[in-house]
Protein chains: 2
Amino acid sequence: VTNGPEASGQRSETVRRANLSTILYQVHLRGPLSRSELVARTGLTRGAIRGLIGELNAGGLVSEERSMPLGVPGRPSPLARPRHHGVVVLALEIAVDSLAAAVVGLGGGVIEHVRLDRSRGHLSPERIVSDLVRSARPMVSRLRGGTTLVGIGVSMVGVVRVSDGVIRVAPNLGWLDVPLADLIARKLQLAVPVSVGNEADLGALAEHRRGAAAGVDDVLYISGEVGVGGGVIVGGRPLAGAAGYAGEVGHMPVNPAGSRCRCGSTGCWETEVGERALLRRAGHSPNGGRAAVDAVFEAAAAGSRREREALATTGRWLGRGLGGLVNAFNPSLVVLGGLFGRMHPFVEAEIAGALNLHALRASREVLRVAPAALGPDAPLLGAAEKAFEPLLVDPAGYLAPRPAIARLAGA
Amino acid sequence: VTNGPEASGQRSETVRRANLSTILYQVHLRGPLSRSELVARTGLTRGAIRGLIGELNAGGLVSEERSMPLGVPGRPSPLARPRHHGVVVLALEIAVDSLAAAVVGLGGGVIEHVRLDRSRGHLSPERIVSDLVRSARPMVSRLRGGTTLVGIGVSMVGVVRVSDGVIRVAPNLGWLDVPLADLIARKLQLAVPVSVGNEADLGALAEHRRGAAAGVDDVLYISGEVGVGGGVIVGGRPLAGAAGYAGEVGHMPVNPAGSRCRCGSTGCWETEVGERALLRRAGHSPNGGRAAVDAVFEAAAAGSRREREALATTGRWLGRGLGGLVNAFNPSLVVLGGLFGRMHPFVEAEIAGALNLHALRASREVLRVAPAALGPDAPLLGAAEKAFEPLLVDPAGYLAPRPAIARLAGA
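Presented here is a report on the structure given in the accompanying data block. For clarity, every value in this text was computed on a predicted model and none was experimentally measured. (Residues numbered from 1 in each chain as written. Chains lettered and ligands numbered in written order. Predicted model: local features only at pLDDT ≥ 70, side-chain atom pairs only at ≥ 80, totals over all residues. Heavy atoms only, no water.)

Quick look at the overall build of chain A now. Along chain A, the regular secondary structure elements total 14 helices and 17 strands. The C-alpha atoms of chain A give 23 Å as radius of gyration, which agrees with the globular expectation for 411 residues (22 Å, within 12%). The buried share of chain A, reckoned over its 411 residues, is 55%. Relative to all contacts within chain A whose residues are 6 or more apart in sequence, the contacts with residues 24 or more apart total 65%. When the accessible surface of chain A is split by element, carbon and sulfur atoms take 52% of a total near 16,000 Å². Across chain A, the centroid of the 45 positively charged side chains sits 3 Å from that of the 36 negatively charged ones. (Helix = DSSP H or I, 4+ residues; strand = E, 2+ residues; numbered from the N terminus. Rg over C-alpha atoms; globule rule 2.2 N^0.38 Å. Buried < 20%, exposed > 50% of the residue type's maximum accessible area, 1.4 Å probe, protein only. Contact = heavy atoms within 4.5 Å. Areas by Shrake-Rupley, 256 points an atom, 1.4 Å probe, with all protein chains shown as cover. Lys, Arg positive; Asp, Glu negative; His and termini not counted. Charge placed at Lys NZ, Arg CZ, Asp CG, Glu CD.)

Right under this line is the structure:
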């Protein structure tokens with residue numbers, strides 16, 4: 001439904017901005033692309049595409065060069081490429097066991113990347129932010145002169161109010177109502193927007209744009225760790241809900257006779273499928289952490305019965321909860337990340353069996369289950385996508401001189 | 001993202017069609033509306049609105065007349081009204097206990113309406129369709145000459161493949177893979193499209209457009225009967241899922257130690273909150289049907305303890321399942337329909353208590369719970385909205401002479 005002003009001049013300006021956005025999205029997600037490929041993907045005319053690429057080129061967002069494949073006759077078609085080194089974002093991640101920082105270029109390629117182990121347990125926001133900033137600042141200083149930093153994206157293991165980047169609760173860190181976006185903005189002083197998202201929402205975004213769910217419109221991404229995270233893609237778009245909290249499926253009540261959850265309730269899905277449940281079933285201390293989880297997978301791979309049964313039971317609970325979610329969302333793909341992606345090869349049959357029992361036959365028929373493709377960096381890459389979003393939605397706003405963008409001086 | 005052809009003539013034709021749609025939606029949902037109100041609601045200029053209403057008027061969709069409020073000085077502003085009697089749809093409903101048919105005019109007003117009790121239990125598709133058609137045909141014959149019938153909408157208690165109106169499963173009727181849209185189209189022979197939807201999806205649509213959820217963008221509509229239906233509005237739009245099956249929340253697994261469900265599984269939400277669970281807890285036969293349910297509510301209203309406790313227990317299970325769904329969808333409103341709407345005044349405290357325990361605090365804070373406003377006709381009204389949808393999305397297609405629309409001859 002179009003409801004903007006309809007004076008003809010404004011109308012064509014609106015169309016121009018929308019078309020610039022369409023082209024930049026394509027080049028960012030699928031580039032390099034020839035003009036013929038852009039015609040096929042967008043329905044815009046060749047002439048229009050030439051003009052739009054010219055603008056994006058002049059604005060430093062896209063470069064165009066003739067490709068010269070050996071032995072192919074005829075005039076080579078120019079290829080539009082994202083300016084990988086010219087336009088970048090800073091992506092940060094606060095995970096259960098680690099902190100990460102990366103510089104990611106337009107087009108999604110990682111320019112620099114560092115991941116640091118962190119001890120589990122409660123740490124103050126100030127401590128975490130200062131560790132993150134210490135990792136990020138040298139990367140930013142190393143950016144070439146003339147590089148444009150367009151934003152900062154942060155992935156957070158916790159419940160995030162997306163409007164202002166406040167962490168409502170992060171049980172792994174013991175945080176309540178922490179204004180993380182503000183803390184990072186003040187500490188880094190880079191004069192670009194900071195957007196914070198939940199790690200599963202951002203993992204889902206990354207898998208949808210560049211991973212196991214590329215090209216799929218209705219996706220449920222479920223990622224396991226100590227807790228359970230969920231991110232949902234509905235009709236090709238991330239599901240936010242009223243305040244950005246959608247997808248918090250770890251506290252779905254699945255067992256009234258179950259264990260006490262960290263959230264204060266009983267029988268949440270997390271208490272049956274989280275890391276602690278798996279470790280308990282395998283005879284380890286539930287607090288064994290990553291080393292203990294590694295040991296469970298090694299023993300299971302070597303054929304040890306106790307670990308295999310622990311995985312199978314956990315897999316059945318995973319499938320049971322997925323059954324309810326599949327009925328609610330009717331996705332065509334479930335992507336399993338984190339612990340669940342690792343479990344997948346061991347428990348495919350258990351998941352399928354539980355889905356056959358608990359998902360409606362109609363919804364089951366259109367469903368595929370697959371492990372995540374991007375590995376542990378999916379949330380970090382999703383944070384980068386989120387930071388690029390304002391540029392992608394309205395590149396025109398970045399083509400005009402714009403003091404809000406930090407032109408970095410090289411050091 | 002605009003990706004149509006961008007030749008200037010085609011562009012303005014696209015804009016014109018979108019603007020016609022914008023105006024017709026407004027008049028259909030909120031009419032009668034003055035031009036000033038339309039300016040405020042759409043952002044279009046007064047001149048553009050005059051032209052668009054002129055077209056809709058000439059095409060027989062909207063009428064414009066000067067209102068003459070007594071005692072208000074100045075030139076009266078013309079009011080655009082939907083042509084309630086000129087443009088209509090036929091809405092049909094197959095419910096647990098009844099069949100219904102209605103003629104609904106543009107603007108949503110009901111012109112004729114009939115609801116027939118039906119015995120519960122398995123009935124063949126042919127029998128149901130012929131009963132429906134017997135109710136509907138006289139209404140259609142009574143339409144005035146020159147009335148345009150634009151579509152037929154059908155609400156169905158079952159799992160519906162929306163692409164072709166096939167009922168995948170309807171446990172209340174014992175149906176499997178029934179091509180309901182085709183059966184109705186062949187029997188009625190009205191040469192207009194037949195669209196079939198799930199009753200909870202259509203109830204949600206109606207409550208969102210004209211009921212308890214009007215103006216709310218993120219809504220979970222849950223309706224109780226023998227089974228449990230769900231319809232979800234996400235960012236202002238109905239959630240369909242990959243094949244139209246989203247919102248089937250009745251078979252969410254909530255209790256591994258629970259009862260056997262009709263679906264073959266165990267401990268589905270339906271087995272704890274459906275009509276049969278309530279009747280069992282109140283000491284009635286679970287097959288007592290509507291009369292027994294009425295008796296439970298009468299006794300509870302009179303203060304009888306057993307019935308009040310049965311309602312309270314059912315209300316706690318209702319809140320528990322809602323907690324999981326609220327975490328998954330983060331709606332700002334839960335609308336309770338059918339049996340749950342009736343239960344609401346008795347179990348508000350139990351629902352709130354269970355939500356406090358099972359929903360994340362952040363999601364709980366932005367949530368309201370309210371009973372449905374449209375009563376038992378909500379799915380029927382939703383079916384009418386669905387049947388109007390192609391007209392509302394592209395009125396321009398209906399303004400040109402169009403043989404696919406049945407011009408009814410009056411008898």
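Moving on from the coordinates now.
On to the relation of the copies chain A and chain B, then. Note on the identical chains: chain A maps onto chain B by a rotation of 180° and an axial translation of 0.0 Å, with an RMSD of 0.0 Å. The operation mapping one copy onto its partner corresponds to a two-fold rotation axis. In terms of proximity to the rotation axis, the leading residue of chain A is Val254(A), whose C-alpha is 2.3 Å off the axis. In this assembly the copies share their binding face: 100% of the residues contributing to the interface of chain A also contribute to that of chain B. (Least-squares fit on C-alpha atoms with pLDDT ≥ 70 in both.)

Moving on, we get to the side chain of Asn330(B). With respect to the helices and strands, the residue Asn330(B) is situated in the loop between α10 (305-329) and β15 (333-338). Note on Asn330(B): relative accessible area 0%, which makes it buried. Within the local environment of Asn330(B), its side chain forms a polar contact with the backbone nitrogen of Tyr245(A), the two atoms lying 3.0 Å apart. In this view, Asn330(B) contacts Ala240(A), Gly241(A), Ala242(A), Ala243(A), Gly244(A), Tyr245(A), Ala246(A), Asp218(B), Leu325(B), Ser363(B) and Val366(B); residues no more than four positions away in its chain are not counted. (Polar contact = N/O pair within 3.5 Å; in protein donor to acceptor, adjacent residues only side chain to side chain.)

The next thing to look at is the pattern of salt bridges. Tallied over the full model, the rule gives 56 salt bridges over all chains. Between Arg306(A) and Glu307(A) there is a salt bridge, and its shortest N-O distance comes to 3.7 Å. Look at Arg306(A) and you get partly exposed, because its relative accessible area is 46%. A salt bridge links Asp394(B) to Arg17(B); its shortest N-O distance comes to 2.8 Å. Of the two residues, Asp394(B) is situated in the loop between α13 (378-393) and α14 (396-399) and Arg17(B) in helix α1 (residues 8-30); the sequence distance between them amounts to 377 residues. The exposure class of Asp394(B) is partly exposed, given its relative accessible area of 22%. (Salt bridge = Lys/Arg side-chain N within 4 Å of Asp/Glu carboxyl O.)

What follows is about the nonpolar core. Core analysis: the biggest nonpolar cluster contains 78 residues, and Ile222(A), Trp269(A), Phe329(A), Ile222(B), Trp269(B) and Phe329(B) have the highest contact counts within it. Apart from the residues lying within four places of it in its own chain, the contact partners of Ile222(B) are Val228(B), Gly229(B), Gly230(B), Val249(B), Trp269(B), Leu322(B), Leu325(B), Val335(B), Leu336(B), Gly337(B) and Phe340(B). (Core = buried A, V, L, I, M, F, W, Y, C linked by side-chain atoms within 4.5 Å.)

A few words on the sheet that holds strand β3 (residues 78-82) of chain B. Residue and element names in this part refer to chain B. Taken in spatial order, the three strands make up an open sheet running β1-β3-β2, and their pairing is antiparallel. Either end of the sheet is taken by a strand with one partner, and the two such strands are β1 (33-34) and β2 (62-66). Two strands pair when backbone bridges link them, and β2 and β3 are joined in this way by five bridges, in the antiparallel orientation. Bridging from a neighbouring strand, Glu64 pairs with Ala80 of β3. Of the strands in this sheet, β2 and β3 touch helix α3 (residues 46-58), which is tilted by about 115° from β2. (Pairing = 2+ DSSP bridges. Axes fitted to C-alpha atoms, helices over the stretch in contact; angles between N-to-C directions.)

On to the packing of helix α9 (residues 289-301) of chain B against helix α11 (residues 339-358) of chain B, then. All names here are of chain B. Relative to each other, α9 and α11 sit at 10°, their axes nearing to 11 Å. Considered as vectors, α9 and α11 are oriented roughly parallel to each other. Contacts between α9 and α11 pair Val293, Asp294, Phe297, Ala300 and Ala301 from the former with Leu339, Arg342, Met343 and Phe346 from the latter. Within the contact of α9 with α11, the residues separate by chemical class into seven nonpolar, no polar and two charged. (Parallel < 35°, antiparallel > 145°, perpendicular 65-115°, else oblique. Nonpolar A, V, L, I, M, F, W, Y, C, P; charged D, E, K, R; others polar.)

All names here are of chain A. By the bridge criterion, seven bridges tie strand β5 (residues 98-105) to strand β6 (residues 110-117) in an arrangement that is antiparallel. Within β6, the residue paired with Val103 across the bridge is Glu112. Hairpin connection from β5 to β6: four residues lie between these consecutive antiparallel strands, with Gly107 at a positive phi of about 105°.

Let's shift gears to the sheet that holds strand β16 (residues 368-371) of chain B. All names here are of chain B. Read from one edge to the other, the open sheet built from five strands follows the order β14-β13-β12-β15-β16, with strand pairing classed as mixed. Strand pairing shows two members of the sheet lacking a second neighbour, β14 (237-238) and β16, which therefore form its edges. Bridge analysis of β15 against β16 gives four bridges, and the strand direction is parallel. Looking across to β16, one finds that Val334 is bridged to Val369. Relative to strand β12 (residues 219-224), α10 is tilted by about 155°, and along the sheet it contacts β12, β13 (228-234) and β15.

Take the interface of chain A and chain B next. Facing the 60 residues of chain A at the interface are 60 residues of chain B. Buried area between chain A and chain B, both sides added, is near 4,800 Å², and the carbon and sulfur share of it is 60%. We note a salt bridge from Arg168(B) to Glu365(A), for which the minimum N-O separation is 3.0 Å. In this structure, the connection of chain A to chain B is made through 20 residue pairs in polar contact (both at pLDDT 80 or more). Those elements giving two or more residues to the side of chain A that touches chain B turn out to be α1 (8-30), β10 (175-179), α10 (305-329), α11 (338-358) and α12 (361-365) of chain A. A per-class count over the side of chain A that touches chain B returns 28 nonpolar, 23 polar and nine charged. (Buried area = accessible area lost by both parts, 1.4 Å probe.)

Since the α-helix packs 3.6 residues into each turn, any two residues three or four apart lie on the same face. All names here are of chain A. Helix length check: helix α13 (residues 378-393) (16 residues) gives 22 Å between terminal C-alpha atoms against 22 Å at 1.5 Å per residue, within 8%. A bend of about 35° at Ala387 is the largest found in α13, and the proline Pro390 appears one to four places after it. For α13, the tally of buried residues reaches twelve of 16 residues, placing the bulk of the element in the interior. Those residues of α13 that fall on the buried side of the exposure criterion are Ala378, Pro379, Leu380, Leu381, Gly382, Ala383, Ala384, Glu385, Ala387, Phe388, Leu391 and Leu392. (Expected span 1.5 Å × (residues − 1). Bend = angle between axes of the 7 residues up to and from the residue.)

So, about the packing of aromatic side chains. Residue and element names in this part refer to chain A. For the structure on display, the rule yields three aromatic pairs over all chains. The interplanar angle of 55° and the centroid separation of 5.7 Å between the aromatic rings of Phe297 and Phe346 together place this pair among those described as tilted. With Phe297 in helix α9 (residues 289-301) and Phe346 in helix α11, this residue pair connects regions lying 49 residues apart in the sequence. With relative accessibility at 6%, the residue Phe297 sits in the buried group. (Phe/Tyr/Trp six-rings, centres within 6.5 Å; stacked < 30°, edge-to-face > 60°.)

A separate point is the packing of α10(A) against α11(A). All names here are of chain A. Following both chains from N to C, one finds α10 and α11 inclined at 55°, their axes separated by 7 Å at the closest point. What the angle tells us is that α10 and α11 run oblique. Regarding α10 and α11, the two cross each other, and that crossing is right-handed. Facing α10, whose interface residues are Leu311, Ala312, Thr314, Gly315, Arg316, Leu318, Gly319, Arg320, Leu322, Gly323, Val326 and Asn327, α11 presents Phe340, Met343, Phe346, Val347, Glu350, Ile351, Ala354, Leu355 and His358. Partitioned by chemical class, the residues of the contact of α10 with α11 number twelve nonpolar, six polar and three charged. (Left-handed = near helix turned anticlockwise from the far one by under 90°.)

For the rest of this paragraph, the subject is the environment of Phe346(B). Residue and element names in this part refer to chain B. Using a relative accessible area of 27% as the deciding quantity, one classes Phe346 as partly exposed. C-alpha of Phe346 to C-alpha of Gly54: the two residues are 292 residues apart in sequence and 51 Å apart in space. Once you skip the residues sitting within four places of it in the chain, Phe346 turns out to touch Phe297, Ala300, Ala301 and Leu311.

On to the state of the cysteines, then. All names here are of chain B. In this structure the tally under the stated criterion is zero disulfides over all chains. A disulfide-free cysteine, Cys263 has its sulfur positioned 3.7 Å from the sulfur of Cys268, the nearest such atom. Among the residues examined, Cys263 registers a relative accessible area of 39% and is labelled partly exposed. (Disulfide = S-S within 2.5 Å.)

This brings us to the side chain of Glu207(B). Here Glu207(B) lies in helix α6 (residues 199-210). For Glu207(B), the residues in contact, after removing those within four places along its chain, are Ala212(B), Ala213(B), Ala214(B), Tyr221(B), Val335(B), Ala372(B), Ala373(B), Leu374(B), Gly375(B) and Ala378(B).

The next subject is the environment of Val194(A). Within the secondary structure, Val194(A) sits in strand β11 (residues 194-198). A sequence separation of 201 residues divides Val194(A) from Pro395(A), and the C-alpha atoms of the two residues are 18 Å apart.

By themselves, these are just geometric observations and shouldn't be taken as functional.
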